[in-house]
Amino acid sequence: TDMRSLVAEAAETAEILGEERQLAVQIELPPQPVKLPVDPGRIRQLLMNLVTNAVKYTPPGGTVTVRLVDAADTVTLSVQDTGIGIAPGDLPNVFERFWRADIARSRTGEHPGTGLGLAISKWIAEAHGGTIEAQSRPGRGSIFTATFPKPAVSPVP
């Protein structure tokens, strides 16, 4: 699967979702395709969870950055925002099922949701042998990073 096209698709979705909030969407991609043996539907789901959260929690005029990095042994995709951020005490819980940080993240009101998106994203990353992590500063934004190992290439005898 070409990860580059999946990430480009996610950035396009961020642009559409963020348009009415006047969010700037930046995309950083390597120039060449990035092939990885993944389930494209699941990776698309992971990306959509991260992108919709970034848009949802970024105030008007903010920025969402969608990035793909092709390194020697890994492929990393990340979604960064300039949103409301996550309190340090809440950060360890963000990948737990049904967990919501505070009233700003309640199931009703301005930012409705079930609290399953990040738990599903974690499951998808781990099912592909990868990891996902979150970094955040309240009032400064968050970055969610999923890292996937590249398959080992056997030397030709």
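Residues numbered from 1 in each chain as written. Predicted model: local features only at pLDDT ≥ 70, side-chain atom pairs only at ≥ 80, totals over all residues. Heavy atoms only, no water.

(A) Focus on the overall build of the protein chain. From N to C terminus, the protein chain includes 3 helices and 5 strands. The order of α-helices and β-strands along the protein chain, N terminus first, is α-β-α-β-β-α-β-β. Expressed as a percentage of the 157 residues in the protein chain, the buried residues total 42%. Put simply, of all contacts in the protein chain between residues at least 6 apart along the chain, 68% involve residues at least 24 apart. Here the protein chain has roughly 8,400 Å² of accessible surface; of this, 55% comes from carbon and sulfur atoms. (Helix = DSSP H or I, 4+ residues; strand = E, 2+ residues; numbered from the N terminus. Buried < 20%, exposed > 50% of the residue type's maximum accessible area, 1.4 Å probe, protein only. Contact = heavy atoms within 4.5 Å. Areas by Shrake-Rupley, 256 points an atom, 1.4 Å probe, with all protein chains shown as cover.)

(B) Broad picture of the pattern of salt bridges. Applying the stated criterion across every chain, the model contains 4 salt bridges. A salt bridge links Lys150 to Asp70, with the nearest nitrogen and oxygen atoms 2.6 Å apart. Placement of Lys150 in the segment after β5 (141–149) and of Asp70 in strand β2 (residues 63–70) is noted, with a sequence separation of 80 residues between them. Given the relative accessible area of 29%, Lys150 is considered partly exposed. (Salt bridge = Lys/Arg side-chain N within 4 Å of Asp/Glu carboxyl O.)

(C) Inspection of the pairing of strand β3 (residues 74–81) at higher detail. Counted residue by residue, β3 has 6 buried out of 8 residues, so it is predominantly covered. Note: β2 against β3, 7 bridges, orientation antiparallel. Each bridged residue has a counterpart across the sheet, and for Arg67 the counterpart in β3 is Ser78. Following β2, the chain reverses through 3 residues before pairing antiparallel with β3. Here β3 pairs with β5 via 7 bridges, running antiparallel. Bridge pairing in β5 places Leu77 opposite Ala146. (Pairing = 2+ DSSP bridges.)

(D) Structural context of the sheet that holds strand β4 (residues 131–137). In spatial order, the strands read β1-β2-β3-β5-β4; together these 5 strands make up an open sheet with mixed pairing. Of all strands in the sheet, those bounded by a partner on one side alone are β1 (24–28) and β4. Across the sheet, the mean angle separating the axes of adjacent strands is 10° when strand polarity is ignored. Where helix α2 (residues 40–56) meets the sheet, it contacts β2, β3, β4 and β5, and its direction lies at approximately 25° from that of β3. (Axes fitted to C-alpha atoms, helices over the stretch in contact; angles between N-to-C directions.)

(E) Region of the structure containing the packing of aromatic side chains. Counted by the stated rule, this structure contains 1 aromatic pair. Ring plane angle 80° and centroid distance 6.1 Å describe the contact between Phe95 and Phe144, whose orientation is recorded as edge-to-face. Of this pair, Phe95 sits in the loop between β3 and α3 (117–127) while Phe144 is found in strand β5, placing the two residues 49 residues apart along the sequence. The class of Phe95 is buried, set by a relative accessible area of 15%. (Phe/Tyr/Trp six-rings, centres within 6.5 Å; stacked < 30°, edge-to-face > 60°.)

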